[in-house]
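The residues making up each chain are set out below.
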Amino acid sequence: LAIIAFVPVLVLAAIVIALDSPGPILFCQRRTGLNGRPFGIYKFRTMTVLEDGAAITQAVPGDARITRVGRFLRASSIDELPQLFNVLKGDMSLVGPRPHALAHDAYYGSRIVNYNRRFAVRPGITGWAQVNGARGATPGLADMQARIDLDAWYVEHAGLGLDLLILARTPLEVLRRRNAA
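Everything numeric here is computed off the predicted structure, so don't read it as measured data.

A.B. asks: Just checking my understanding: could you explain the pairing of strand S1 (residues 26-32) for this structure?
C.D. replies: Remark: a regular strand shows side chains that alternate across the two faces of the sheet. When S1 meets strand S2 (residues 38-44), the two strands line up antiparallel, connected through 7 bridges. Counted as the bridge partner of Thr32 is Pro38 from S2. Two successive antiparallel strands, S1 and S2, enclose a turn made up of 5 residues, where Asn35 displays a positive phi of approximately 60 degrees.

A.B. asks: What is the right way to look at the nonpolar core in this model?
C.D. replies: For soluble globular proteins, nonpolar side chains are generally found buried alongside one another. By size, the foremost hydrophobic cluster in this structure holds 11 residues: Ile3, Leu10, Ala13, Ala14, Ile17, Phe44, Val69, Leu73, Ile78, Leu81 and Leu84. Elements with a minimum of two residues in this core: helix H2 (7-20) and helix H3 (68-76). No other element matches H2, which puts 4 residues into this core. When residues no more than four places from it in sequence are discounted, the contact partners of Ile17 are Pro24, Ile25, Phe44, Arg45, Val69 and Leu73. Listed in part, the 8 residues of the second largest apolar core include Val95, Val121, Val131 and Leu162.

A.B. asks: So what exactly am I meant to see when it comes to the pattern of salt bridges here?
C.D. replies: Any two side chains of opposite charge can pair, on the condition that their charged atoms come close. Counted under the stated rule, the structure contains 9 salt bridges. A salt bridge links Arg117 to Glu156; its shortest N-O distance comes to 2.6 Å. Of the two residues, Arg117 is situated in the loop between helix H5 (102-109) and strand S4 (124-126) and Glu156 in helix H7 (residues 141-157); the sequence distance between them amounts to 39 residues. Among the charged side chains, a network of salt bridges with common partners joins Lys43, Asp79, Glu80 and Arg98.

A.B. asks: What's the story with the packing of H7 against helix H8 (residues 160-176) in this structure? I'm lost.
C.D. replies: In a packed pair of helices, the relevant descriptors are the angle between the two axes and the axis-to-axis distance. Here H7 crosses H8 at 140 degrees, and the two axes come no closer than 9 Å. What the angle tells us is that H7 and H8 run oblique. Judged by residue contacts, Trp153, Tyr154 and His157 of H7 engage Leu162, Asp163 and Ile166 from H8. Residues of the contact of H7 with H8, tallied by class, amount to 4 nonpolar, 1 polar and 1 charged.

A.B. asks: I keep staring at the side chain of Lys43 and nothing clicks. Help me out?
C.D. replies: The residue Lys43 is located in strand S2 in this model. With a relative accessible area of 12%, Lys43 lands in the buried category. A distance of 3.4 Å separates the side chain of Lys43 from the side chain of Glu80, its partner in a polar contact. If near-sequence neighbours (up to four positions away) are discounted, Lys43 is found in contact with Ile25, Leu26, Phe27, Arg31, Asp79, Glu80, Pro82 and Gln83.

What counts, and at which threshold
Residues numbered from 1 in each chain as written. Predicted model: local features only at pLDDT ≥ 70, side-chain atom pairs only at ≥ 80, totals over all residues. Heavy atoms only, no water. Pairing = 2+ DSSP bridges. Helix = DSSP H or I, 4+ residues; strand = E, 2+ residues; numbered from the N terminus. Core = buried A, V, L, I, M, F, W, Y, C linked by side-chain atoms within 4.5 Å. Buried < 20%, exposed > 50% of the residue type's maximum accessible area, 1.4 Å probe, protein only. Contact = heavy atoms within 4.5 Å. Salt bridge = Lys/Arg side-chain N within 4 Å of Asp/Glu carboxyl O. Axes fitted to C-alpha atoms, helices over the stretch in contact; angles between N-to-C directions. Parallel < 35°, antiparallel > 145°, perpendicular 65-115°, else oblique. Nonpolar A, V, L, I, M, F, W, Y, C, P; charged D, E, K, R; others polar. Polar contact = N/O pair within 3.5 Å; in protein donor to acceptor, adjacent residues only side chain to side chain.

Shape descriptors only; they carry no functional weight alone.
The structure is reproduced here in structure tokens:
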């Protein structure tokens with residue numbers, strides 16, 4: 001139902017991406033899902049690069065790689081809407097820990113003790129960490145540790161009531177544009 005509801009936004013986003021800069025409209029990057037299984041996550045392309053390898057540089061505020069339209073799509077989280085197809089495929093849920101690039105999983109998984117706890121549930125389009133401000137770039141290990149601690153808390157307390165609370169808080173967090181790169 002969400003895909004049907006967002007069709008006008010999806011179509012409009014695809015058109016403005018195509019008009020704004022050369023390259024594909026959609027971007028698929030490998031991420032880690034439930035039980036550590038890799039999958040391809042769909043996103044609208046918001047950057048001039050299509051990184052998906054052993055080394056991936058996180059986007060930061062003011063990043064020159066972000067396109068003009070991409071800046072708006074990222075700040076509004078519209079770039080994440082194609083992940084509704086990941087939900088339909090069963091790779092993701094609406095709510096759960098946000099999946100990171102495989103390169104980041106390898107890096108942080110070896111440095112943060114409870115990092116892999118997040119793989120006990122399906123990753124989500126939104127999550128407890130995001131509605132609590134742990135969204136966007138993680139320039140230091142402590143920043144990622146804070147996000148992972150929130151993800152681990154979610155894994156331990158997951159349930160329908162919490163998911164509904166997160167879904168209700170997500171639009172408010174998007175409007176705040178806190179930590180969006």
